[in-house]
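# Commentary on secondary and tertiary structure
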Amino acid sequence: LFDIEGSPSSDIKAEVRDVVISGAKEVEVGKAGAAVVIHVPFRVWKTVRKIQGRLIRELEKKFNKRSIILVANRTILDLNFKRK
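Nothing here was measured: the structure is a model prediction, and the numbers come from that model.

## Concerning the sheet that holds strand β1 (residues 23-29)
- On the basis of which strands lie adjacent, the open sheet formed by three strands has the order β1-β2-β3 and mixed pairing. Both outer strands of the open sheet, β1 and β3 (67-73), are each paired with one neighbouring strand and no more. The sheet shows a mean angle of 25° between the axes of neighbouring strands, taken without regard to direction.
- Judged from the seven bridges that link them, β1 and strand β2 (residues 33-41) form a sheet pairing that is antiparallel. Residue G23 lies in a different strand from β2, and its bridge partner there is H39.

## As for the pattern of salt bridges
- Here the structure, examined in full by the defined rule, presents two salt bridges.
- Of the charged contacts in the structure, one is a salt bridge between E26 and R66, with a shortest N-O distance of 3.3 Å. One end of the pair, E26, is in strand β1; the other, R66, is in the loop between α4 (52-62) and β3, and 40 residues separate them in sequence.
- Residue classification places E26 among the partly exposed positions, given a relative accessible area of 46%.
- Residue class for R66 comes out partly exposed when judged on its relative accessible area of 28%.
- A salt bridge links E58 to K61, with the nearest nitrogen and oxygen atoms 3.7 Å apart. Of the two residues, E58 and K61 are both situated in helix α4; the distance of three residues between them amounts to about one turn of the helix.
- The exposure class assigned to K61 is exposed, which follows from its relative accessible area of 54%.

## A few points about the nonpolar core
- Grouped together as the largest cluster of nonpolar side chains are 15 residues, with contacts concentrated most on I38, V40, V48, I51, L55, I68 and L70.
- For this core, the secondary structure elements donating two or more residues are β2, α3 (45-50), α4 and β3.

The rules we used
In this convention, every chain numbers its residues from 1, walking through the sequence in written order. Reporting in this predicted model follows two pLDDT cut-offs: at least 70 for local features of residues, and 80 or more for side-chain atom pairs to be given and counted; totals over whole chains, interfaces and linings ignore these cut-offs and use all residues. Note that the side-chain values use all heavy atoms of the structure and ignore hydrogens as well as water. A pair of strands is treated as paired once DSSP finds two or more bridges between them. Strands are runs of DSSP state E lasting at least two residues, helices are runs of H or I lasting at least four, and both sets are numbered from the N terminus onward. Axis definition: a line fitted to C-alpha atoms, over the contacting stretch in the case of helices. Angles run 0 to 180 degrees between N-to-C directions. Salt bridges are defined as contacts in which a side-chain nitrogen from Lys or Arg sits within 4 Å of a carboxyl oxygen from Asp or Glu. Three labels apply to residues, based on accessible area from a 1.4 Å probe with only protein chains included: buried if under 20% of the type maximum, exposed if over 50%, partly exposed otherwise in between. Working definition of a nonpolar core: buried Ala, Val, Leu, Ile, Met, Phe, Trp, Tyr and Cys residues. They are joined through side-chain atoms within 4.5 Å.

Laid out in C-alpha coordinates, this is it:
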(Lines give C-alpha, C1' and ligand atoms only; values in the text may rest on other atoms or scores of the structure.)
Protein backbone atom coordinates (compact mmCIF):
# COMPACT_ATOMS: atom_id res chain seq x y z
CA LEU A 1 0.00 0.00 0.00
CA PHE A 2 2.88 2.32 0.74
CA ASP A 3 4.21 1.93 -2.82
CA ILE A 4 0.79 2.62 -4.32
CA GLU A 5 0.35 5.67 -2.09
CA GLY A 6 3.78 7.01 -3.03
CA SER A 7 3.62 6.50 -6.79
CA PRO A 8 2.73 9.67 -8.73
CA SER A 9 0.80 7.81 -11.46
CA SER A 10 -1.61 6.00 -9.12
CA ASP A 11 -5.23 7.17 -9.43
CA ILE A 12 -6.29 5.63 -6.09
CA LYS A 13 -3.64 7.38 -4.02
CA ALA A 14 -6.11 9.40 -1.90
CA GLU A 15 -8.41 6.46 -1.10
CA VAL A 16 -5.57 4.11 -0.12
CA ARG A 17 -4.62 6.35 2.82
CA ASP A 18 -7.71 5.19 4.75
CA VAL A 19 -7.10 1.48 4.09
CA VAL A 20 -5.40 -0.60 6.79
CA ILE A 21 -4.30 -4.22 6.37
CA SER A 22 -4.67 -6.30 9.52
CA GLY A 23 -3.09 -9.44 8.07
CA ALA A 24 -2.14 -11.37 4.96
CA LYS A 25 -1.63 -15.04 4.20
CA GLU A 26 -0.41 -16.91 1.14
CA VAL A 27 -2.51 -19.95 0.23
CA GLU A 28 -1.75 -22.68 -2.30
CA VAL A 29 -4.54 -23.09 -4.84
CA GLY A 30 -4.22 -26.40 -6.66
CA LYS A 31 -2.31 -26.33 -9.95
CA ALA A 32 -3.04 -22.64 -10.44
CA GLY A 33 -0.29 -21.65 -8.02
CA ALA A 34 -0.82 -19.38 -5.04
CA ALA A 35 -3.23 -16.73 -3.85
CA VAL A 36 -2.76 -13.98 -1.29
CA VAL A 37 -5.61 -13.47 1.18
CA ILE A 38 -5.56 -9.94 2.61
CA HIS A 39 -7.56 -9.22 5.77
CA VAL A 40 -8.86 -5.69 6.41
CA PRO A 41 -10.87 -4.43 9.42
CA PHE A 42 -14.61 -4.23 8.86
CA ARG A 43 -14.63 -0.50 9.63
CA VAL A 44 -12.67 0.24 6.41
CA TRP A 45 -14.49 -2.35 4.28
CA LYS A 46 -16.71 0.32 2.64
CA THR A 47 -13.64 2.19 1.43
CA VAL A 48 -12.04 -1.02 0.16
CA ARG A 49 -15.21 -1.94 -1.77
CA LYS A 50 -15.13 1.40 -3.60
CA ILE A 51 -11.57 0.88 -4.89
CA GLN A 52 -11.51 -2.93 -4.92
CA GLY A 53 -11.00 -3.46 -8.66
CA ARG A 54 -8.19 -0.94 -9.01
CA LEU A 55 -6.56 -2.04 -5.73
CA ILE A 56 -6.51 -5.71 -6.77
CA ARG A 57 -5.00 -4.80 -10.13
CA GLU A 58 -2.20 -2.82 -8.46
CA LEU A 59 -1.52 -5.54 -5.86
CA GLU A 60 -1.40 -8.27 -8.52
CA LYS A 61 1.35 -6.30 -10.27
CA LYS A 62 3.32 -6.16 -7.00
CA PHE A 63 2.83 -9.84 -6.12
CA ASN A 64 3.98 -11.32 -9.47
CA LYS A 65 0.54 -12.14 -10.93
CA ARG A 66 -0.71 -14.06 -7.87
CA SER A 67 -4.44 -13.93 -7.24
CA ILE A 68 -5.50 -11.42 -4.58
CA ILE A 69 -8.48 -11.97 -2.27
CA LEU A 70 -9.73 -9.21 0.04
CA VAL A 71 -11.57 -10.31 3.20
CA ALA A 72 -13.13 -8.23 5.98
CA ASN A 73 -12.47 -9.14 9.62
CA ARG A 74 -15.61 -9.02 11.72
CA THR A 75 -16.00 -9.52 15.44
CA ILE A 76 -19.19 -11.33 16.42
CA LEU A 77 -20.26 -10.24 19.88
CA ASP A 78 -22.02 -12.36 22.47
CA LEU A 79 -25.72 -11.75 23.18
CA ASN A 80 -24.78 -10.69 26.73
CA PHE A 81 -22.50 -7.93 25.46
CA LYS A 82 -23.66 -4.54 26.75
CA ARG A 83 -22.68 -1.39 24.93
CA LYS A 84 -21.70 1.54 27.10
